[in-house]
Amino acid sequence: MTGAATYDRSILEHLSLLGVDVHAILPEGRKWIESNGNGGGVTIHRVKIPMQPAFAFHAARIIALPRVVRTLHTRYQFDLLRVHAFFSSCLDAWWTTSAHRLSIPVVVHLFHLDNSPWRNALVRRVMRRAKAVIASSQASKEQAVQHLGVEASKIHVVYLGVGRELRPSPPKRELLEAIGWKDGERILLYLGSLESRKNPLFLLDVLADLLSRGQMVRLVLCGAGPLAETLRREIQRRGLESHACLAGRVPERLKADYYNFADVFLFPSALEGFGLSLAEAMSCGKPVVAFDNSSISEVVERGRTGFLVESGDRSEFVRKTALLLENDSLRAEMGCRARERVERLFRWERAAQQTLDVYRQALALPGCQTVLDPARGD
């Protein structure tokens, strides 16, 4: 499950725990909760939309979703329409509220901007008309102000949360065997999508450098994406099969097990709206090494919960990783502070309450009772 899908699911479920009547529109075939398939207090409304090819999916949802939204609005009189700032979600919101002339208050949730100017143009239009924008970090807020011209006073920063099931525990022997771990090896973990923005290929360079320094280390790359096959070929080409493992997509219910077999969590991403996997690893008591860009310094406290390195600085990234691998007490101290930081700043209960406060403030309501979300699912 992507960070965005985890965010949507978790924030809506925790809003429902606060007494909000939450409804989500979801295409048939899209998962809501991986483990048991129910909404956890969220009412799911399924709509039949072809999933492939992409143009058919977008065309069908433009036709279907406004009709479903109008029907649900008539029945439930919901207070606001919650929109995630992806192109597809903003297209739905624009078509529903503008072309179909349905007057619904909109609150937009923003991670980070798209690379496409014309997609950002649509996001800009929806954000400017929205009652409020909730950004996942100060960095995301600054993007919206500087590049989209959205009023700063309209944008509220609410950090993402981490579930309490992500906590320190002993590594599971069967999982260590599954990744090919050898006695004495330290484990470096990456968990995230395998795409260029996340920069996972960089970690093969880091691994090679650590091995050349005599480190006994294994790199485990968890996730799926367009770079999966490229990573597989590069591992073989560089003769790293004995030291690198592509573990594939990790089910939500197993995430804690994967974080807990790691010694250090590595995150060379070039752009993040928040960096949820960073906070998840920290919740399991893991120190991190990451590039210092976008929102990452808002999650990782420099020198206390991990090391932040200038983007692209391979030698320093390797040096900081080696420092953690070689120093048990430093790893433990940073890991402990990392978990304390998550407990203080990044829990879903806190995020849901702050989100509800923004809804109430934006709509000038004593209580926000019903929220509709055209959710993406997994």
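Please refer to the structure placed before this passage.
Rules used in this analysis
Residues numbered from 1 in each chain as written. Predicted model: local features only at pLDDT ≥ 70, side-chain atom pairs only at ≥ 80, totals over all residues. Heavy atoms only, no water. Phe/Tyr/Trp six-rings, centres within 6.5 Å; stacked < 30°, edge-to-face > 60°. Lys NZ or Arg CZ within 6 Å of the ring centre and 35° of its normal. Core = buried A, V, L, I, M, F, W, Y, C linked by side-chain atoms within 4.5 Å. Buried < 20%, exposed > 50% of the residue type's maximum accessible area, 1.4 Å probe, protein only. Helix = DSSP H or I, 4+ residues; strand = E, 2+ residues; numbered from the N terminus. Contact = heavy atoms within 4.5 Å. Salt bridge = Lys/Arg side-chain N within 4 Å of Asp/Glu carboxyl O. Pairing = 2+ DSSP bridges. Right-handed = clockwise from strand over helix to strand, strands pointing away. Axes fitted to C-alpha atoms, helices over the stretch in contact; angles between N-to-C directions. Parallel < 35°, antiparallel > 145°, perpendicular 65-115°, else oblique. Left-handed = near helix turned anticlockwise from the far one by under 90°. Nonpolar A, V, L, I, M, F, W, Y, C, P; charged D, E, K, R; others polar.

A. Fine view of the packing of aromatic side chains. Within the structure shown, the criterion is met by twelve aromatic pairs. Through a chain of ring-to-ring contacts, the aromatic side chains of Tyr190, Tyr259, Phe265 and Phe267 assemble into a single cluster. Against the face of Phe307 rests Lys320, its NZ or CZ located 4.6 Å from the ring centre.

B. Fine view of the nonpolar core. Leu203, Phe261, Phe265, Leu278 and Phe317 are the most contacted members of the largest nonpolar core, which has 91 residues in total. Per-element tally for this core: the top contributor is helix H14 (residues 348-363), with seven residues. Beyond its immediate chain neighbours, meaning those up to four positions away, Leu278 contacts Phe265, Phe267, Val288, Ala290, Ile296, Val299 and Val300. In terms of nonpolar packing, the next biggest core, distinct from the first, is built from 35 residues, Ala64, Leu65, Val126 and Ile155 among them.

C. Summary view of the pattern of salt bridges. Tallying each qualifying case throughout the model produces 26 salt bridges. Arg82 is paired through a salt bridge with Asp8; the nearest N and O atoms lie 3.0 Å apart. Taken together, the positions of Arg82 in strand E3 (residues 80-84) and Asp8 in helix H1 (residues 3-17) put the pair 74 residues apart, joining distant regions of the chain. Exposure class is identical for Arg82 and Asp8. Each is buried.

D. Quick peek at the pairing of strand E9 (residues 244-248). The sheet contact formed by strand E8 (residues 217-222) and E9 spans four bridges and is parallel. Paired with Leu219 across the bridge in E9 is Ala244. What joins E8 to E9 is helix H8 (residues 228-237), and the crossover it makes is right-handed.

E. View of the packing of helix H7 (residues 202-212) against helix H12 (residues 314-326). The N-to-C vectors of H7 and H12 enclose an angle of 60°; their axes lie 10 Å apart at closest approach. When the axes of H7 and H12 are compared, the pair comes out oblique. Note on packing geometry: the crossing formed by H7 with H12 is right-handed. Taken together, the residues of H12 that come into contact with H7 (itself represented by Phe202, Leu203, Asp205, Val206, Asp209 and Leu210) are Arg314, Phe317, Val318, Thr321, Ala322 and Leu325. Taken together, the residues of the contact of H7 with H12 sort by class into eight nonpolar, one polar and three charged.

F. Molecular detail of the environment of Leu148. Relative to the assigned elements, Leu148 resides in helix H5 (residues 138-148). Take Leu148: its relative accessible area is 2%, and that puts it in the buried class. Sequence separation between Leu148 and Ala121 is 27 residues, and the spatial gap between their C-alpha atoms is 7.8 Å.

G. Spatial organisation of the sheet that holds strand E11 (residues 288-291). Across the sheet, which stays open at both edges, the six strands sit in the order E9-E8-E7-E10-E11-E12 with parallel pairing between neighbours. Edge positions in the sheet fall to E9 and strand E12 (306-309), since each of these pairs with one other strand and no more. The sheet shows a mean angle of 20° between the axes of neighbouring strands, taken without regard to direction. Pairing analysis gives two bridges linking strand E7 (residues 186-191) to strand E10 (residues 264-267), with the strands arranged parallel. Bridged to Leu188 within E10 is Val264. The sheet contacts of H8 involve E8 and E9, and relative to E9 the element is tilted by about 160°.

Everything listed here is a matter of geometry and, on its own, says nothing about what the molecule does.
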